[in-house]
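This is what each chain is made of:
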Amino acid sequence: MTPVDRPPHDERATVASQRFNEAKIIYNLPFNDLLFRAQQVHRANFDPNAIQMSRLLSIKTGGCAEDCGYCSQSAHYRTGLKASKLMEVGRVLAEARKAKEGGATRYCMGAAWRNPKDRDMNALVAMVEGVKALGMETCMTLGMLTPEQSAQFADAGLDYYNHNVDTSERYYSEIITTRTFEDRLETLANVRDAGIKVCAGGILGMGETAEDRISMLVTLANLPAPPESVPINMLMPIPGSKLADAAPVDPIDFVRTIALARILMPLTHVRLSAGRTGMSDEMQALCFFAGANSIFVGDTLLTADNPGEDHDTALFRRLGLKPMELESSR
Ligand code: SAM
Ligand code: DTB
Ligand code: SF4
């Protein structure tokens, strides 16, 4: 069979495996060569000393129907977390105001849902409109969205939607069984088609192989358009969850993954996300050198700890980093 009359899905598989092989070669470069290359790509596209700062708020906590093996909020595990209902719009806006005063330029609201219910849409839309009116970028992460819900959020002016693929397609069902990798891609397509910017990444340290990490990044980089934002989380092991005792990820492998993300997605904001409380300043410095240029600020993520403002101010001073201005963030 010649390449011309090969069925399209075979062709796609061939291209995907070529891209995977190329990415694997990059990932396995000598560490200095990999970091040099990542830093070159980074400098060609960004101010290397500017870091975008996002703030998270859990607007609906715990009691989630999904069984994500890493999560404190899944109703399938006894993690000791107290569940609560959707927060009132006024409270969300009061928290967003405080985040703005703390220097965050993007406000990310997360809910422990498989998907939002239509009855919640009015309140969610009011949150987006209210946070935008404060002059911040808005992001939501609420689980799966239909095309109609995506269009409603686009109309409200939602800037970003976060929906992580979390790991490779191969490894996905080891971590989550209540939905599929394909479901995740479908929501990402709905969000993209509605004209909302995409934030999609994953978690390292869930027992995956280096190939799984590479494959996850190749998937993200080869979406019809790469995500504008790619959060790379280091697993924060949650007592009671399925992954409570997962072996920690090797810090050098973590930095390699950041560097590969930067090289495969030159224009994307790569976010050093959950897990910074478990990283030394030196490891974070290497991540920034490898091309990470976004963090979550504030002393909590959704339910877990994050280095507080004092620590991050000291880190920025030590490394000569500065907050990225809103105009220059993409
Ligand atoms: N329920 C929505 C969903 O799953 O898309 C939004 C919230 S969910 C908590 C957002 C992301 O946080 C997950 O996709 C996962 O990548 C990350 N995350 C959750 N728990 C984590 C943990 N213990 N350590 C690291 N990352 C975690
Ligand atoms: C992402 O990739 N990381 C953030 C955000 N997207 C929503 C969430 C991290 C959650 C860490 C665990 C917790 O706070 O419960
Ligand atoms: Fe629910 Fe999201 Fe946690 Fe999965 S990651 S259990 S969908 S809150």
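See above for the structure.
Quantities reported herein were computed from a predicted structural model and do not represent experimental measurements.

Novice: Explain the overall build of the protein here, please?
Specialist: Counting its secondary structure elements, the protein contains 11 helices and 10 strands. Each principal axis of the C-alpha distribution contributes one length, and for the protein these read about 60 × 50 × 40 Å. Among the 330 residues that make up the protein, the fraction classed as buried is 54%. Across the protein, the fraction of contacts at a sequence separation of at least 24, relative to all contacts at a separation of at least 6, is 74%.

Novice: Sorry, what's going on with the packing of aromatic side chains here?
Specialist: Aromatic ring pairs are described here by two measures, namely the spacing of the ring centres and the angle between the planes. Scanning the model with the defined rule gives 1 aromatic pair in all. Aromatic pair Tyr 172 and Phe 181: ring centres 5.7 Å apart, planes at 75 degrees, arrangement edge-to-face. Judged by its relative accessible area of 5%, Phe 181 falls in the buried class. Here the basic side chain of Arg 106 rests over the ring of Tyr 160, its NZ or CZ set 3.7 Å away from the ring centre. A cation over a ring is seen here: Arg 271 above Phe 296, with NZ or CZ 4.8 Å from the ring centre.

Novice: Explain the site of ligand 2 here, please?
Specialist: Asn 164, Asn 233, Leu 302, Thr 303 and Ala 304 are the nearest of the 13 residues found near ligand 2. Contact distances for ligand 2 include 2.9 Å between an oxygen atom and a backbone N or O atom of Leu 302. Within the side chain of Thr 303, an N or O atom sits 2.5 Å from an oxygen atom of ligand 2. Against a free-state accessible area of 400 Å², the protein chains account for coverage of 87% of ligand 2. Broken down by class, the residue content of the shell around ligand 2 amounts to 7 nonpolar, 6 polar and no charged.

Novice: What exactly am I supposed to notice about the site of ligand 1 here?
Specialist: Near ligand 1 you find 16 residues, and of these Tyr 70, Asn 164, Asp 166, Arg 184 and Met 236 are the closest. Note that an oxygen atom of ligand 1 is positioned 2.8 Å from one of the side-chain N or O atoms of Arg 184. The backbone of Met 236 places a nitrogen or oxygen atom 2.9 Å from a nitrogen atom of ligand 1. Coverage of ligand 1 by the protein chains reaches 89% of its 550 Å² of free accessible surface. Looking at the shell around ligand 1 residue by residue, the classes come out as 10 nonpolar, 4 polar and 2 charged.

Novice: How should I be thinking about the packing of helix H8 (residues 210-221) against helix H9 (residues 251-264) in this particular structure?
Specialist: In a packed pair of helices, the relevant descriptors are the angle between the two axes and the axis-to-axis distance. At a closest axis distance of 10 Å, the pairing of H8 and H9 adopts a crossing angle of 20 degrees. Between H8 and H9, the angle falls in the class roughly parallel. Handedness of the crossing formed by H8 with H9: right-handed. Along its contact with H8, which presents Arg 213, Ile 214, Leu 217, Val 218 and Ala 221, the element H9 presents Asp 253, Thr 257, Leu 260, Ala 261 and Leu 264. Its residues placed into classes, the contact of H8 with H9 shows 7 nonpolar, 1 polar and 2 charged.

Novice: Can you help me understand the side chain of Ser 273 in this one?
Specialist: One can find Ser 273 in the loop between strand S8 (269-272) and helix H10 (281-289). Judged by its relative accessible area of 0%, Ser 273 is buried. A distance of 3.1 Å separates the side chain of Ser 273 from the backbone oxygen of Arg 271, its partner in a polar contact. Not counting residues up to four positions away in its chain, the partners in contact with Ser 273 are Pro 231, Ile 232, Asn 233 and Phe 296.

Novice: In this structure, what is going on with the pattern of salt bridges? I would like to understand it.
Specialist: Once the charged atoms of two side chains with opposite charge are near each other, the side chains can pair. Summed over all chains, the structure comprises 13 salt bridges. Close ionic contact of Arg 114 with Glu 66 constitutes a salt bridge, the shortest N to O distance being 3.1 Å. Taken as a pair, Arg 114 in the loop between strand S2 (106-111) and helix H4 (121-133) and Glu 66 in the loop between strand S1 (50-60) and helix H3 (89-101) lie far apart in primary sequence, 48 residues in all. Relative accessible area serves as the criterion here: at 2%, Glu 66 is assigned to the buried category.

Novice: I tried to follow unusual backbone geometry on my own but got confused; where do I start?
Specialist: Peptide bonds are, in most cases, trans, and in most cases residues other than glycine have a negative phi. Even without being a glycine, Asp 166 presents a positive backbone phi close to 70 degrees. Looking at where Asp 166 falls in the secondary structure, it is placed in the loop between strand S4 (160-162) and helix H6 (172-175).

Rules behind the numbers
One numbering rule holds for all chains: residues counted from 1, following each sequence as written. Written order determines the labels here, with chains lettered from A and ligands numbered from 1. Under the rules for a predicted model, residues below a pLDDT of 70 receive no local features and side-chain atom pairs below 80 are neither given nor counted, while totals for whole chains, interfaces and linings still include all residues. Excluding hydrogens and water, the side-chain values take into account all heavy atoms of the structure. Comment: elements are numbered from the N terminus, with helices defined as DSSP H or I runs of at least four residues and strands as E runs of at least two. Here the term buried applies to any residue with accessible area under 20% of the maximum for its type, exposed to any over 50%, and partly exposed to those in between, with areas from a 1.4 Å probe on protein chains only. By definition, residues are in contact when any of their heavy atoms lie within 4.5 Å. Pairing of aromatic rings covers Phe, Tyr and the six-membered ring of Trp, with a centre-to-centre limit of 6.5 Å; geometry is then stacked below 30 degrees between planes, edge-to-face above 60, and tilted otherwise. A ring is scored as having a charge over it whenever the NZ atom of a lysine or the CZ atom of an arginine sits within 6 Å of its centre and within 35 degrees of its normal. Summary of the distance rule: residues count as near a molecule or strand when at least one heavy atom falls within 4 Å of that molecule or strand. What qualifies as a polar contact is a pair of N or O atoms within 3.5 Å, subject to a donor-acceptor requirement within protein and to the restriction that residues adjacent in sequence count only when both atoms come from side chains. Under the convention used here, a 1.4 Å probe and the Shrake-Rupley method define accessible areas, while residue burial counts only the protein chains that appear. Lys, Arg, Asp and Glu make up the charged group, whereas Ala, Val, Leu, Ile, Met, Phe, Trp, Tyr, Cys and Pro make up the nonpolar group; the residues left over, Gly among them, are polar. Lines fitted to C-alpha atoms define the axes, with helix axes restricted to the stretch in contact, and inter-axis angles between N-to-C directions lie between 0 and 180 degrees. Oblique is the label for any angle not covered by the other classes, which are roughly parallel (under 35 degrees), roughly antiparallel (over 145) and roughly perpendicular (65 to 115). Whether a crossing is left-handed or right-handed is set by the direction in which the near helix is turned from the far one by less than a right angle, anticlockwise for left-handed and clockwise for right-handed. Any Lys or Arg side-chain nitrogen located within 4 Å of an Asp or Glu carboxyl oxygen qualifies as a salt bridge.

Spatial relationships are all this shows, so hold off on functional conclusions.
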